[in-house]
Every structure is written in structure tokens, then in C-alpha cells.
Amino acid sequence: MGTRCQLNIVAADDADPVIRANSLKLYGMITPVKTQAIIDEITPFLSENYDRLTRFSAAKSLAWIAREDIPAPALDILAEALVSDDDFIQHYQDNTNQDSTPQDAAGNAFGYVGLDAAEPHIANVIETLRTMNWMKGGSLVATLLYLLFGEGKLPTNATVDDLTPLQHQFFKTLAEEEYLGTFKDGTTTHVNIVELTRYYG
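Note that the structure is predicted; figures quoted are calculated from it, not measured.

### Focus on the packing of helix α4 (residues 52-66) against helix α6 (residues 86-96)
Two quantities define a packed helix pair, namely the angle between the helix axes and the distance between the axes.
Argument step 1. Contact pair α4 / α6: the axes reach a minimum separation of 11 Å and the direction vectors enclose 70°. Relative to α6, the element α4 is oriented roughly perpendicular. In contact with Arg52, Leu53, Phe56 and Lys60 of α4, α6 contributes Phe88, His91, Tyr92, Asn95 and Thr96.
Argument step 2. A per-class count over the contact of α4 with α6 returns 4 nonpolar, 3 polar and 2 charged.

### Focus: the side chain of lysine 25
Argument step 1. Inspection of the secondary structure puts lysine 25 in helix α2 (residues 17-30).
Argument step 2. For lysine 25, a relative accessible area of 11% translates into the label buried.

### Section: empty space enclosed by the protein
Argument step 1. Evaluated as defined, the whole model comprises 1 cavity of 30 Å³ or more.
Argument step 2. There is about 40 Å³ of room inside the largest cavity.
Argument step 3. What lines the largest cavity is Arg52, Phe56, Ile77, Glu80, Ala81 and Phe88.
Argument step 4. When contributions to the lining of the largest cavity are tallied by element, the ones reaching two or more residues are α4 and α5 (72-81).
Argument step 5. The greatest single-element share of the lining of the largest cavity, amounting to 3 residues, is contributed by α5.
Argument step 6. Its residues placed into classes, the lining of the largest cavity shows 4 nonpolar, no polar and 2 charged.

### What about unusual backbone geometry?
Argument step 1. At arginine 67, a position not held by glycine, the phi torsion is positive, near 55°.
Argument step 2. As for its placement among the helices and strands, arginine 67 is situated in the loop between α4 and α5.
Argument step 3. We classify arginine 67 as partly exposed; its relative accessible area is 36%.

### Brief notes about the packing of α6 against helix α7 (residues 102-113)
Argument step 1. It is at 9 Å that the axes of α6 and α7 come closest, and there the two elements cross at 80°. The orientation of α6 with respect to α7, classified from their angle, is roughly perpendicular. Residue-level inspection shows Phe88, Ile89 and Tyr92 of α6 in contact with α7, the latter providing Pro102, Gln103 and Ala105.
Argument step 2. Of the residues assigned to the contact of α6 with α7, the class counts are 5 nonpolar, 1 polar and no charged.

### A short note on the layout of surface pockets
Argument step 1. Size it by volume and the largest pocket reaches roughly 210 Å³.
Argument step 2. Lys25, Met29, Lys60, Trp64, Tyr92, Gln98, Ser100, Asp104, Ala105, Asn108, Ala109 and Tyr112 are the residues that line the largest pocket.
Argument step 3. Secondary structure elements with two or more residues in the lining of the largest pocket: α2, α4 and α7.
Argument step 4. Per-element tally for the lining of the largest pocket: the top contributor is α7, with 5 residues.
Argument step 5. Counted by class, the lining of the largest pocket contains 6 nonpolar, 3 polar and 3 charged residues.

### Side note on the packing of aromatic side chains
Argument step 1. Taken as a whole, this structure holds 5 aromatic pairs when the rule is applied.
Argument step 2. Consider the rings of phenylalanine 149 and phenylalanine 171, whose centres lie 5.9 Å apart with planes at 55°: the pair is tilted. Highlighted residues: phenylalanine 149 in helix α9 (residues 134-149) and phenylalanine 171 in helix α10 (residues 165-175), separated in sequence by 22 residues.
Argument step 3. Members of the aromatic cluster, connected to one another through ring pairs, are Phe56, Phe88 and Tyr92.
Argument step 4. Over the ring of phenylalanine 88 we find arginine 52, and its NZ or CZ is 4.1 Å from the ring centre.

Quick notes on the rules
Residues numbered from 1 in each chain as written. Predicted model: local features only at pLDDT ≥ 70, side-chain atom pairs only at ≥ 80, totals over all residues. Heavy atoms only, no water. Axes fitted to C-alpha atoms, helices over the stretch in contact; angles between N-to-C directions. Helix = DSSP H or I, 4+ residues; strand = E, 2+ residues; numbered from the N terminus. Parallel < 35°, antiparallel > 145°, perpendicular 65-115°, else oblique. Contact = heavy atoms within 4.5 Å. Nonpolar A, V, L, I, M, F, W, Y, C, P; charged D, E, K, R; others polar. Buried < 20%, exposed > 50% of the residue type's maximum accessible area, 1.4 Å probe, protein only. 1 Å grid on protein atoms, 1.4 Å probe; cavity = no way out; pocket = protein on both sides within 12 Å on 5 of 7 lines; lining within 4 Å. Points joined across faces, edges and corners; volume = space filled by probe spheres on them. Phe/Tyr/Trp six-rings, centres within 6.5 Å; stacked < 30°, edge-to-face > 60°. Lys NZ or Arg CZ within 6 Å of the ring centre and 35° of its normal.

Written as C-alpha cells, this is what we have:
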């Protein structure tokens, strides 16, 4: 009940937008189960009546809570964050105590909603890898492997012809020379990426 009261308070027109956005993020992090009532409470914060940081925080929370039932506007907001401009990146980092970027956060949020819901945006999530440093990229690589392969693996004698278009785009992005320079540096992250891709065949 206390959390619901808090959401009512931060929804007020005169509420501090940073407090509102961080409250929504925390609500998503601490909510233990998915119910339609909770989804309905957060969904109004996707409205363009609210600032961009609030809408992005609401979309992330809905990814964590609603999973495959995430409202379509939340997916659109996450997709928009994949191409965030420098001003929003700075605003996000200054006001959320995060050293990641909106691109990082949005890419990882897509991992919660499953491939069926996320598929229209996965090509852009893959492209987000190009913007990442070695500390953040490993997490998104794992997210994409899970989305693109689920619990399955490629057959032992699989070739490039056995890949779906999205799987092909993913591995092509990892393999490109200019991109490998980000990860192929002997770091733990590089080793983890190699082992993750090996696991999926």
C-alpha cells in the first residue's frame, strides 16, 4: 500500500521529475510478482504528459514486471532510448546514479520481454553493441544470445546458412574488425563472450 501511495504522490503535477523517475525504477525492481493491477498503475507514466526520464523509467519497470505482456508504448520508448542523444544520456547519468547509458539500460530491458515481443526492435538492439565499452557489452551479448537462441543451441555442424537473419546480424556484428577491438583485448569480458557464444554452438 505504501508503494502505491508513493506512486500517487510522484504522479502529481508538481512532483520532482527526478524523484518520480527513480521511484518508478525502484517500483519495478522491488515488485515481486506480475499482476495486471500493477501494470495498470505504471502504464499511465508512459504518457507524453510526463518528461522523457519518467517515461523511460516506467518503460523499464514494465519490462521487468510485465515481461511478454509489456504494453506496446513501453517497447516504443525503450526503442527510442537505443538512439538517445547526448543531452538525454547526460541527463540520465546525472539523475539516476548510473554510469551506464540509456542504450545499455534499454538493451538489457528487452531481455526481460522475450523475443516475440522484442523482435521488431532486436536489430536496433544489436546495433547498440557498437556504442558499448567492454564493461557493458558482455551483459548485452548474454541478453541477445538468450533472446536469439532461447534454451536451444545450433546443431554441431551448423553453417551460416542455418542462422536466422537476426542471428546472422548478431554474429556479424561481433566479428567485424572494428567492433572486436572493443572486446578482443584479453580481458575477462572477452573470455566471457567467447565462452557464451561457444555455449550456443
